Each structure stands twice: as structure tokens, then as C-alpha cells.
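Take a look at the letters that make up each chain.
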Amino acid sequence: MTKPIDLYAMAYQDRSDRVRWLLEEMNVPYTNHFLKKKDGEMNTPEYRKLNPMGRVPTIVDGDIVLHESAAICLYLADRYSYGKLAPKMDDVKLRAEYTKWMVFSVGSLEAVIARMFTHVNTPEESAVTYKYVKEQSEFFKLVLNPVLEKQDYILESGFSAADIMLAAVIPGAHDYLVKGNPPLERYMERMKARPAAIKVKVFE
Ligand SMILES: N[C@@H](CCC(=O)N[C@@H](CS)C(=O)NCC(=O)O)C(=O)O
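Residues numbered from 1 in each chain as written. Predicted model: local features only at pLDDT ≥ 70, side-chain atom pairs only at ≥ 80, totals over all residues.

Remarks on the domain arrangement of the protein chain
Then, number 1: Examined at the domain level, the protein chain breaks down into domain 1 (5-81) and domain 2 (92-198).
Then, number 2: With 11 residues of domain 1 at the interface, the matching set in domain 2 holds 10 residues.
Then, number 3: Per-element tally for the side of domain 1 that touches domain 2: the top contributor is helix 1 (residues 17-26), with 6 residues.
Then, number 4: Here the side of domain 1 that touches domain 2 is built from residues that sort into 6 nonpolar, 1 polar and 4 charged. (Domains from an automatic or database assignment. Contact = placed C-beta atoms within 7 Å. Helix = DSSP H or I, 4+ residues; strand = E, 2+ residues; numbered from the N terminus. Nonpolar A, V, L, I, M, F, W, Y, C, P; charged D, E, K, R; others polar.)

Here we look at the pairing of strand 3 (residues 58-61)
Then, number 1: Relative to strand 3, strand 1 (residues 5-9) is paired through 3 bridges, and the arrangement is antiparallel. Each bridged residue has a counterpart across the sheet, and for aspartate 6 the counterpart in strand 3 is valine 60.
Then, number 2: Judged from the 4 bridges that link them, strand 3 and strand 4 (residues 64-67) form a sheet pairing that is antiparallel. Counted as the bridge partner of threonine 58 is histidine 67 from strand 4.
Then, number 3: The hairpin turn running from strand 3 into strand 4, its antiparallel successor, is 2 residues long, and glycine 62 in that turn takes a positive phi close to 65°. (Pairing = 2+ DSSP bridges.)

Considering the pairing of strand 2 (residues 30-34)
Then, number 1: Note: strand 1 against strand 2, 5 bridges, orientation parallel. Within strand 2, the position partnered with isoleucine 5 by the bridge is tyrosine 30.
Then, number 2: Once you follow strand 1 into helix 1 and on to strand 2, the crossover reads as right-handed. (Right-handed = clockwise from strand over helix to strand, strands pointing away.)

As C-alpha cells, then:
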């Protein structure tokens, strides 16, 4: 039997959530390693060898060492669920859509949502940040809503790793993106009901 994948995280509800959820959906064995930041465990020479930035998630799968949650999910879905949770390369249109949503989830959505953690140091800065997230969310709805009004999953072929990435990130802007927006409310309910997501506490 091959060694389980090592998954380094701080907690269930950090950016390791999407990786763990995907591993569960694929039934791929893995071991959680929860690092204690306050005890310097993200700063040890051993961990810095795996991830020089000292961030999580990081995976070790045999001789593959990878950080960046979207890259990890792209890699894992291709390696362990090719043609299922990851569309095949020869399905060019579907694969292009899939790649778009995988990149959109972190490059557009999460990049904006993350400002609500970093750009909130004064009441004035917070006001600017929340206004920005609200405005950007209206742009996000322009691409998400038309798709989720006509289908249950972000790809017409069905549930994929792109749904995992999106659904793990979207709640960060719940009040602007999901609340009062039926297509996204229904989508998130479907995602929250997935046994693999429940098992690894993605939405807790
Ligand atoms: N773009 C990276 C972001 C990684 C990241 O910033 N992770 C956070 C946890 S969610 C972290 O490790 N923060 C370090 C810290 O809090 O010191 C990814 O998607 O994996």
C-alpha cells in the first residue's frame, strides 16, 4: 500500500479545508498534521523545507511536495480522479471552464475576501474594505449567477473539484454573495449537504 498523503494545516477551517474535502470525496488516504503556530511549528527548519513561506496548506505525496490550495486541488484531482472530479484534457471546452473556476476561486474571489482579514485596522479602513468587497461581489454574481440559475454545479458535467474550491471560498463573502441571492443560496445548501464536507467540518 502506498503511504497516505501528508496534509499540513493549522485547523480544519483554514485553506486546508478544500484539500481535505477533495481527498474525502476521492477516498484517498491522508494524514492530517495540525501545526501550532503559537508554538512555532510553522517556522521549524523541517516545515520551511516543505513550504518556505511557512504557510498552510502543504501536501507531501511521495516525492511531490506542494503548496497553494488551488494547485494542490488541481494536482490531486488530476492524479486521483481524472475524468471524474477533474475533466479530461481532451474535453477542451469543459477543461477550460474547469480551469477558469479553479483559478477564479482564489485569484478573484479569495483575493477580495482576504482583504476583510487584512484591511480592517481602523473604522475608516474597514468601511473602505467592506464597500470594496460589496462592489466586487456584484461583479462575481455576474459570472456565477447565470451558471447556477441553469445547473446544479458550476460545470454542466456535474460535481467537480471546481465546486469544492468555489464552495470553500464563497462563504467568506456570505452576506454580499449568498444572502438574498437564491441561485447561490441553493448552491451552497447543496454543497453543505455533501457527506464528505460534513465529515471534515468544512462549513462549521
Ligand atoms: N494562496 C495560499 C494562501 C496560504 C495562506 O495564506 N494560508 C494561511 C492559512 S489559511 C496561512 O498559512 N497563514 C499563515 C499565518 O497565519 O501565519 C493558498 O491558497 O494555499
